[in-house]
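# Chains, contacts and geometry: an overview
Listed below, chain by chain, are the residues.
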2 protein chains.
Amino acid sequence: MLIRDVGEQGLLKIIQPYCLPNTIGDDGAIVHPPPGCELVVTTDVLVDGVHFSDRTTKAFDVGWRAVAANLSDLAAMGATPLGITVGLSLPPTLPVIWLEGLYRGMQVCLERYGTGIIGGDLTRSSVATVAITALGAVRADRVIARANARVDDAIVVTGYHGDSHGGLKLLLDANVPVELTADRQALIDAHQRPLPRLDVLPILDRLSTSASQKFAIGGMDSSDGLADAIVQICQASGVGAVLNRSSLPISPSLARIFPDTALESALYGGEDFELVLCMPTEIGLELVEKIGGGAAIIGKIVRSSDIILIDDLTNNPPIYLDRLSGFQHFSID
Amino acid sequence: MLIRDVGEQGLLKIIQPYCLPNTIGDDGAIVHPPPGCELVVTTDVLVDGVHFSDRTTKAFDVGWRAVAANLSDLAAMGATPLGITVGLSLPPTLPVIWLEGLYRGMQVCLERYGTGIIGGDLTRSSVATVAITALGAVRADRVIARANARVDDAIVVTGYHGDSHGGLKLLLDANVPVELTADRQALIDAHQRPLPRLDVLPILDRLSTSASQKFAIGGMDSSDGLADAIVQICQASGVGAVLNRSSLPISPSLARIFPDTALESALYGGEDFELVLCMPTEIGLELVEKIGGGAAIIGKIVRSSDIILIDDLTNNPPIYLDRLSGFQHFSID
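Residues numbered from 1 in each chain as written. Chains lettered and ligands numbered in written order. Predicted model: local features only at pLDDT ≥ 70, side-chain atom pairs only at ≥ 80, totals over all residues. Heavy atoms only, no water.

### A closer look at the packing of aromatic side chains
By the definition in use, this model includes six aromatic pairs over all chains. Note that A:Arg193 overlies the ring of A:Trp64, its terminal NZ or CZ placed 5.9 Å from the centroid. (Phe/Tyr/Trp six-rings, centres within 6.5 Å; stacked < 30°, edge-to-face > 60°. Lys NZ or Arg CZ within 6 Å of the ring centre and 35° of its normal.)

What follows is the structure, given as structure tokens:
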């Protein structure tokens, strides 16, 4: 059965079970922001053939990843989710089962984080396009912003980097020896079912509450790559950074399957959806201990405007991350 | 100059002047909802070749209409706007001047209503797609909902219906006699630059405040046509309606240029972006007087589930609006 066989009312009936109650009906959805909170809003658009393809991504995973990317943007601002809207454009020749898979993927990811779909729009197009807007709430004094990094802050990452890029490479071609099957699956999972780090927010909240002095947190997520995140934070904050290659968290799976390119994937691969956070060192140490896994302090913020990765594992010269040519996501993402 | 010649950073620089300050930078935008208000969120997607085309709509007007449609959805809920996000997908071969026209159209319409662009996303696609999410605020006791219509309520429309459809027909073909040039332009303006009726909200607010008894307002906008709005409201409220043909507000311009099809355009044309509101008759009378223009009471809500248009101008039999075949917007809009 194809989209064109169902009609608008039929499509709404198919979608409704995946949405929060009372979502479809009025011209807009009502949201109850918690008192005293700021509202955070973020939008991401995924286009068939640009951000996903049948080759690497099932409909369920398209839905999951679209939601994960938006929830990660909320986490990057320190905000917990209130709900999302879904603006969907679909070719009339698309199978209905694809639509159901997409909504199931969105719903399962949203439920994991205690939220859901609160509204949307549905229209036809020659190319499948998923435009998601996520709403979240954050206390004004807990907002995480790129411009909040301060000299001497520790730079914390909440987990391993490069796995998503490794997973994509495996999906696109590489065979791996049978003894690495579990590693292979771990990387593919990282690519197909990324987990936005909303779990870090309550930990941060407790650390902020119990800290002897108030501090602001600088940061963003690493969806466009770890190097990009560091550069963006430093430029927004008017500071520099010194990173140590030996501190960059690279997962054992990535190191085993792609020993030669793991560092490159970690720095530039993107789509790991971890958080990159700048804060006083003693808070950063506590945070890393509480998160566990691949969380690590990877360097510190410095007064100079240089952003340097020191290769403390070899005798290679340092890499100046800020001197790389600009990322041109419009052409490549 | 084409989109592909500019790169992402260049495109962001082009867009920035059309957005509210501090819009581009962090992963999300911060919104300050007024204390004690509900938040309303609504999403609309416009696709090139489906919702607009070079033949009938310049880039400026695509932007204007996209914003107007979303602000109208807010007005339909009783909410005043807090800002919009824009998820944009563009072909790399599109001229940059089109992008600028689009943003100028959005900005001019938003400024007219005291709001602006607070965030978004930009990506490439084979088809231009504009996904807008609008945020608004409304006091909990002022929410307008489709399910709020009550038996004996007056049905108020805030202005003329059918002009937008007439304007579209003129753009697509019809020539009109030179003495009707001003009428022609009025209809085309109605199609290209619709005005969401946010101006009605403060009037409703004053009437609600000064009313001797509390009342809820049932309603929605008429973006999918006046007949559709009446049917949606009646079905959501579990009531029926009786309308009088002589009361339907049809503009003199529409009546002069399209005397034979004006009624059809008024009932089914859509995209007039007026409000259809149900409320106690004495309030409705005051409201119509204060709005002026084409505002009118067009009928009343009844206990029966029939939705009847009585032709009090001729001897034609009544039209049962609820027995029309369902609208299939997925295929036609």
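### Structural notes on the environment of A:Asp153
Residues and elements named next belong to chain A. As for its placement among the helices and strands, Asp153 is situated in the loop between strand E5 (129–139) and strand E6 (154–157). Taking the C-alpha atoms as reference points, Asp153 and Thr133, separated by 20 residues in sequence, lie 32 Å from one another. Ignoring anything within four residues of it in the chain, the contact list for Asp153 reads Asn148, Cys278, Met279, Pro280, Gly299, Lys300 and Ile301. (Helix = DSSP H or I, 4+ residues; strand = E, 2+ residues; numbered from the N terminus. Contact = heavy atoms within 4.5 Å.)

### Quick word on the domain arrangement of chain A
All names here are of chain A. The domain boundaries assigned to chain A delineate domain 1 (3–24 + 34–140) and domain 2 (144–323). Across the contact, 20 residues belong to domain 1 and 19 residues belong to domain 2. Together, the buried faces of domain 1 and domain 2 total about 1,900 Å²; carbon and sulfur atoms form 57% of this surface. Sorting the residues of domain 1 by area buried against domain 2 places Thr56, Arg65 and Tyr113 first, and these three jointly supply 30% of that buried surface. (Domains from an automatic or database assignment. Buried area = accessible area lost by both parts, 1.4 Å probe.)

### Concerning the UniProt feature "binding site: Mg(2+) 1" (unreviewed entry) in chain A
When the UniProt feature table is mapped onto this chain numbering, "binding site: Mg(2+) 1" (unreviewed entry) sits at A:Thr43, A:Asp44 and A:Asp121. As for its position among the elements, A:Thr43 is in strand E2 (residues 37–47). Counting through the fold element by element, A:Asp44 comes out in strand E2. What A:Asp44 contacts, discounting residues up to four positions off in sequence, is A:Ala69, A:Asn70, A:Asp73, A:Val130, A:Ala131, A:Ile132 and B:Asp121. (UniProt positions renumbered as here; feature names shortened; annotations may be inferred.)

### What to know about the relation of the copies chain A and chain B
The two copies are related by a screw motion: chain A maps onto chain B through a turn of 180° and a shift of 0.0 Å along the axis, at an RMSD of 0.0 Å. Both copies of the chain, as the preceding transformation shows, are related through a two-fold rotation axis. Mapped onto chain B, 98% of the interface residues of chain A are again interface residues, and the two copies thus contact each other with one and the same surface. (Least-squares fit on C-alpha atoms with pLDDT ≥ 70 in both.)

### Some points on the UniProt feature "binding site: substrate" (unreviewed entry) in chain A
Per the UniProt annotation, the sites labelled "binding site: substrate" (unreviewed entry) are A:His51, A:Glu271 and A:Phe327. Looking at the secondary structure, you find A:His51 in the loop between E2 and helix H2 (59–77).

### Remarks on the pattern of salt bridges
Applying the stated rule across the entire model yields 20 salt bridges over all chains. In this structure, A:Arg142 engages A:Asp205 in a salt bridge whose closest nitrogen and oxygen atoms are separated by 2.6 Å. Here A:Arg142, found in the loop between E5 and E6, pairs with A:Asp205, found in helix H6 (residues 200–210); they are 63 residues apart in sequence, far enough to count as distant. The class for A:Asp205 is partly exposed, based on a relative accessible area of 32%. B:Asp152 is paired through a salt bridge with B:Lys300; the nearest N and O atoms lie 3.7 Å apart. Placement of the pair is B:Asp152 in the loop between strand E5 (129–139) and strand E6 (154–157) and B:Lys300 in strand E10 (residues 296–302), with a sequence separation of 148 residues. (Salt bridge = Lys/Arg side-chain N within 4 Å of Asp/Glu carboxyl O. Buried < 20%, exposed > 50% of the residue type's maximum accessible area, 1.4 Å probe, protein only.)

### Brief notes about the interface of chain A and chain B
Taken together, the contacts link 60 residues of chain A with 60 residues of chain B. In total, chain A and chain B occlude about 4,900 Å² of area from one another, counting both sides; carbon and sulfur atoms represent 55% of this. Taken together, the connections running from chain A to chain B amount to 13 residue pairs in polar contact (both at pLDDT 80 or more). Its residues assigned to classes, the side of chain A that touches chain B shows 28 nonpolar, 21 polar and eleven charged. Here three bridges tie strand E1 (residues 29–31) of chain A to strand E2 (residues 37–47) of chain B, and the two strands are oriented antiparallel to one another. Paired with A:Ile30 across the strands is B:Val40, a residue of E2(B). (Polar contact = N/O pair within 3.5 Å; in protein donor to acceptor, adjacent residues only side chain to side chain. Nonpolar A, V, L, I, M, F, W, Y, C, P; charged D, E, K, R; others polar. Pairing = 2+ DSSP bridges.)

### Section: helix H5 (residues 181–192) of chain A
An ideal rise of 1.5 Å per residue puts 16 Å on twelve residues; H5(A) measures up with 16 Å between its terminal C-alpha atoms. Turning to H5(A), the residues buried within the fold contact H2, helix H4 (163–172) and helix H8 (252–257) of chain A. (Expected span 1.5 Å × (residues − 1).)

### Some thoughts on helix H4 (residues 163–172) of chain B
All names here are of chain B. Among the residues of H4, Asp163, Ser164, Gly166, Gly167 and Leu170 are the ones counted as buried. For H4, the angular spread of the buried residues around the axis is 160°, confining them to a single face. Those residues of H4 that are buried lie in contact with helix H5 (181–192) and helix H8 (252–257). (Arc of directions from axis to C-beta.)

### Comments concerning the packing of H6(A) against helix H10 (residues 281–291) of chain A
Two packed helices can be described by the angle between their axes and the distance between those axes. Residue and element names in this part refer to chain A. The interhelical angle for the contact between H6 and H10, taken along N-to-C directions, is 140°, at an axis separation of 10 Å. When the axis of H6 is compared with that of H10, the two are oblique. With respect to the hand of their crossing, H6 and H10 are arranged in right-handed fashion. Contacts between H6 and H10 involve Val200, Ile203, Leu204 and Leu207 on the former and, on the latter, Ile283, Glu286, Leu287, Lys290 and Ile291. When the residues that make up the contact of H6 with H10 are grouped by side-chain class, the tally is seven nonpolar, no polar and two charged. (Axes fitted to C-alpha atoms, helices over the stretch in contact; angles between N-to-C directions. Parallel < 35°, antiparallel > 145°, perpendicular 65-115°, else oblique. Left-handed = near helix turned anticlockwise from the far one by under 90°.)

### Things to note about the sheet that holds strand E10 (residues 296–302) of chain A
All names here are of chain A. Overall, mixed pairing links the seven strands, which are arranged E7-E9-E6-E10-E8-E11-E12 in an open sheet. Either end of the sheet is taken by a strand with one partner, and the two such strands are strand E7 (218–221) and strand E12 (319–320). Both strand E8 (residues 240–244) and E10 contribute to a ladder of four bridges, which runs antiparallel. When the bridges of E10 are listed, Val242 appears paired with Lys300. In the packing of H2 onto the sheet, contacts are made with E7 and strand E9 (275–279), and the angle to E7 comes to roughly 175°. Packing against the sheet, helix H7 (residues 226–237) makes contact with E6, E7, E8, E9, E10 and strand E11 (307–310), and its axis sits at approximately 145° to E7.

### A word on the pairing of E8(A)
Inspection of the sheet shows E8(A) paired to E11(A) by four bridges, in the parallel sense. Note on E11(A): the bridge partner recorded for A:Leu243 is A:Leu309.

### Focus on the environment of B:Ala68
All names here are of chain B. Tracing the backbone through its elements, the reader meets Ala68 in helix H2 (residues 59–77). For Ala68, a relative accessible area of 0% gives the class buried. Ala68 sits 42 residues away from Leu110 along the chain, and the two C-alpha atoms are 8.2 Å apart. Ignoring any residue separated from it by four or fewer positions in sequence, one finds Ala68 in contact with Cys109, Pro194 and Pro196.

### A look at the sheet that holds strand E1 (residues 29–31) of chain B
The mixed open sheet is built from five strands, whose spatial order is E4(A)-E3(A)-E5(A)-E2(A)-E1(B). Here the strands that pair on one side only, and so sit at the sheet edges, are strand E4 (117–124) of chain A together with E1 of chain B. If you compare each strand with its neighbour and ignore which way they point, the axes differ by 20° on average. With respect to the sheet, H2(A) is in contact with E2, strand E3 (80–90) and E5 of chain A together with E1 of chain B, its orientation differing from that of E2(A) by roughly 145°.

### Here's the deal with the side chain of A:Asp73
Turning to its location among the elements, A:Asp73 is positioned in helix H2. Nearest to the buried, unbridged A:Asp73 among oppositely charged side chains is A:Arg146, at 6.3 Å. A distance of 3.3 Å separates polar atoms of two side chains, one belonging to A:Asp73 and the other to A:Thr42. The contacts of A:Asp73, once residues within four sequence positions are left out, are A:Thr42, A:Asp44, A:Asp221 and B:Asp27. (Lys, Arg positive; Asp, Glu negative; His and termini not counted.)

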